[in-house]
Amino acid sequence: MMREPLGQDEYGSANPFDPDDLSTLNAIGPAIGGGNDFEKYAVAVIIVFGALIIGGLMAASMVFGHRNGFLYALGAATAAWISGNALLLDRPRIYALFVGIAALMLVASTITLVI
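Residues numbered from 1 in each chain as written. Predicted model: local features only at pLDDT ≥ 70, side-chain atom pairs only at ≥ 80, totals over all residues. Heavy atoms only, no water.

1. Focus: the overall build of the chain
Next up, step 1: Along the backbone of the chain there are four helices and zero strands.
Next up, step 2: N-terminal to C-terminal, the α/β element order of the chain is α-α-α-α.
Next up, step 3: Here the chain, with 115 residues, has 25% of them falling under the buried criterion.
Next up, step 4: Counting only contacts in the chain whose residues sit at least 6 apart along the sequence, the fraction spanning at least 24 positions is 50%.
Next up, step 5: Surface summary for the chain: the accessible area is close to 8000 Å², and the carbon and sulfur share equals 67%. (Helix = DSSP H or I, 4+ residues; strand = E, 2+ residues; numbered from the N terminus. Buried < 20%, exposed > 50% of the residue type's maximum accessible area, 1.4 Å probe, protein only. Contact = heavy atoms within 4.5 Å. Areas by Shrake-Rupley, 256 points an atom, 1.4 Å probe, with all protein chains shown as cover.)

Set out below in structure tokens:
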């Protein structure tokens, strides 16, 4: 069997964890996954926005009977979900845009609860 180029498996994708060549692990690994590990941040965004903040606002809006507040929180949940996916796809500007949209909708939902 012919050896693949350094850092690639037989399918051509990058593989920094080649067990046959551990001397290049530190040379390849930090450049690929060390500084730009977007997946952990995307999961954190989905959990924090979805479960804690938006879920609480949706529940509070339902309890107090504020339909507009519930719809704003639902829109914020959707925007936050899209931002998490944008971060997974390495689109930081789209991520920032949808986080901003989610934040504005959360403020609007909070205002409908207060007023």
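Having put the structure on the table, let's press on.
2. Topic: the packing of helix H2 (residues 38–64) against helix H4 (residues 92–114)
Next up, step 1: At their nearest, the axes of H2 and H4 sit 10 Å apart, and the two run at 25 degrees to each other. Classified by the angle their axes make, H2 and H4 are roughly parallel. The chirality of how H2 crosses H4 is left-handed. The residues of H4 that touch H2, namely those facing Val45, Phe49, Ile53, Ile54, Leu57, Ala60, Ser61 and Phe64, are Tyr95, Val99, Ala102, Leu106, Ser109, Thr110 and Leu113.
Next up, step 2: Tallied by class, residues from the contact of H2 with H4 come to 12 nonpolar, three polar and no charged. (Axes fitted to C-alpha atoms, helices over the stretch in contact; angles between N-to-C directions. Parallel < 35°, antiparallel > 145°, perpendicular 65-115°, else oblique. Left-handed = near helix turned anticlockwise from the far one by under 90°. Nonpolar A, V, L, I, M, F, W, Y, C, P; charged D, E, K, R; others polar.)

3. Considering helix H3 (residues 67–88)
Next up, step 1: The end-to-end C-alpha distance of H3, which contains 22 residues, comes to 32 Å, matching closely the 32 Å that a straight helix rising 1.5 Å per residue would cover.
Next up, step 2: Buried residues of H3: Gly69, Ala73, Gly75, Ala76, Ala79, Ala80, Ser83, Gly84, Ala86 and Leu87, and no others.
Next up, step 3: The positive-phi residue at the C-terminal boundary of H3 is Asp90, with phi of around 60 degrees. (Expected span 1.5 Å × (residues − 1).)

4. A look at the nonpolar core
Next up, step 1: Core analysis: the biggest nonpolar cluster contains 11 residues, these being Val45, Phe49, Ile54, Leu57, Met58, Ala73, Ala76, Ala79, Ala80, Ala102 and Leu106.
Next up, step 2: Breaking this core down by element, the ones donating at least two residues are H2, H3 and H4.
Next up, step 3: Sort the elements by how many residues they give to this core and H2 lands first, with five residues. (Core = buried A, V, L, I, M, F, W, Y, C linked by side-chain atoms within 4.5 Å.)

5. Quick word on the confidence of the model for the chain
Next up, step 1: In the predicted model, the chain carries a mean pLDDT of 78, and the fraction of residues at 70 or more is 69%.
Next up, step 2: Per-element mean pLDDT across the chain ranges from 48 in helix H1 (residues 25–34) up to 94 in H4.
Next up, step 3: Counting contacts from residues 27–31, a segment whose pLDDT is below 50, to residues more than four positions away or on other chains yields seven contacts. (pLDDT = per-residue confidence, 0-100.)

6. As for the side chain of Thr112
Next up, step 1: Along the polypeptide, Thr112 turns up in helix H4.
Next up, step 2: Polar side-chain contacts of Thr112 include one of 2.6 Å to the backbone oxygen of Ser109. (Polar contact = N/O pair within 3.5 Å; in protein donor to acceptor, adjacent residues only side chain to side chain.)

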